[in-house]
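# Observations on the three-dimensional arrangement
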Amino acid sequence: MKNEPVDLNRVNAIIEEQKDQKWALIPLMQKIQEEFGYIPPESIVPIAEALHLFPSQVQGVITFYAQFSLKPRGKYVIRVCRGTACHVRGGKSILKIIRRELALDVGQTSEDYLFSLETVACLGACFLAPTMMVNKTYFGKLSPPKINSIIKQYEK
Ligand code: FES
C-alpha cells in the first residue's frame, strides 16, 4: 500500500482474469484497488489496452468515481459526510475534531499509511446524522467522545 514499486505482473494477472468479461472496467479496477489499495497510475495503459479503451477513458472513470484513487491510501479510509442533514447536526465540528485527532487535512494520508481522510456529499444514512464511514463500516449519531473511541479502536 505504501510507495513501493508496483508489481506489474500482478496487475497483468488481474487483467488476464477479468479480460473476457464484458463491461469489466469497473470490476477490474475494483480488483486492482483491492490488491494495491489504490489504482497504480502505471496500470492505466495495460487496463486500457486490455479493454480496447483509450487511457484517457480509464483515467476519466477513475476521476469520476470517488471510490477509486490514483494515490496510495491508508489502511483505514475515513469518509466524513458533508451533506445537509449532517451539516445541520454538527457535521462541520465532527470533521474539525477528526482533522485535529488525526492531524490530517481532507485528502491527506498519514505518514504511517494508517488513515486517509476524505469527505463525501452524502453517505445515504441521513437519519443517523452526523455520519462517517471507516472503510465499509458506518458510524452515526457522532459526538466528540464517540469519535475518540472510534479512532482509538482503529489505532490499535
Ligand atoms: S447528509 Fe450525511 S448521510 Fe446524508
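To start, this report covers the structure provided alongside it.

Bringing the pattern of salt bridges into the picture now. Tallied over the entire structure, the rule returns four salt bridges. In this structure, Arg 10 and Glu 35 form a salt bridge, with 3.1 Å as the shortest nitrogen-oxygen distance. Taken together, the residues span a long stretch of sequence, with Arg 10 in helix 1 (residues 8-18) and Glu 35 in helix 2 (residues 25-36) at a distance of 25 residues. Judged by relative accessible area, which is 40%, Glu 35 ranks as partly exposed. Taking the shortest distance from any N to any O, the salt bridge between Arg 99 and Asp 105 comes out at 2.9 Å. Accessibility expressed as a relative area gives 36% for Asp 105, which makes it partly exposed. Through salt bridges that share partners, Arg 73, Arg 79 and Glu 118 make up one connected network.

A word on the packing of helix 2 against helix 4 (residues 55-64). Helix 4 packs onto helix 2 with a crossing angle of 70° between their chain directions and a minimal axis gap of 11 Å. By the angle between their directions, the pair helix 2 and helix 4 is classed as roughly perpendicular. Here the hand of the crossing between helix 2 and helix 4 comes out right-handed. Contact residues: helix 2 offers Leu 25, Ile 26 and Met 29, while helix 4 offers Val 58, Val 61 and Ile 62. For the contact of helix 2 with helix 4, the class distribution of residues is six nonpolar, no polar and no charged.

Conventions we followed
- All residue numbers refer to position in the chain's written sequence, counted from 1.
- Note on the predicted model: pLDDT of at least 70 is required for a residue's local features to be given, and 80 or more for side-chain atom pairs to be given and counted; whole-chain, interface and lining totals, by contrast, use all residues.
- As a convention, hydrogens and water are excluded, and side-chain values are obtained from all of the structure's heavy atoms.
- Here, a salt bridge means any Lys or Arg side-chain nitrogen found within 4 Å of an Asp or Glu carboxyl oxygen.
- Comment: elements are numbered from the N terminus, with helices defined as DSSP H or I runs of at least four residues and strands as E runs of at least two.
- Think of it in three bands: residues with accessible area under 20% of the maximum for their type are buried, residues over 50% are exposed, and the middle band is partly exposed, with areas taken using a 1.4 Å probe on protein chains only.
- Simply put, an axis is a line fit to the C-alpha atoms, just over the touching stretch for a helix, and the angle between two N-to-C directions goes from 0 to 180 degrees.
- Geometric relationships in this document are graded by angle, where less than 35 degrees denotes roughly parallel, more than 145 denotes roughly antiparallel, 65 to 115 denotes roughly perpendicular, and other angles denote oblique.
- Note on convention: the crossing is left-handed when the near helix lies turned anticlockwise from the far helix by less than a right angle, right-handed when the turn is clockwise.
- Contact definition: two residues touch when any of their heavy atoms are within 4.5 Å.
- Put simply, Ala, Val, Leu, Ile, Met, Phe, Trp, Tyr, Cys and Pro go in the nonpolar bin, Asp, Glu, Lys and Arg in the charged bin, and everything else, Gly too, in the polar bin.

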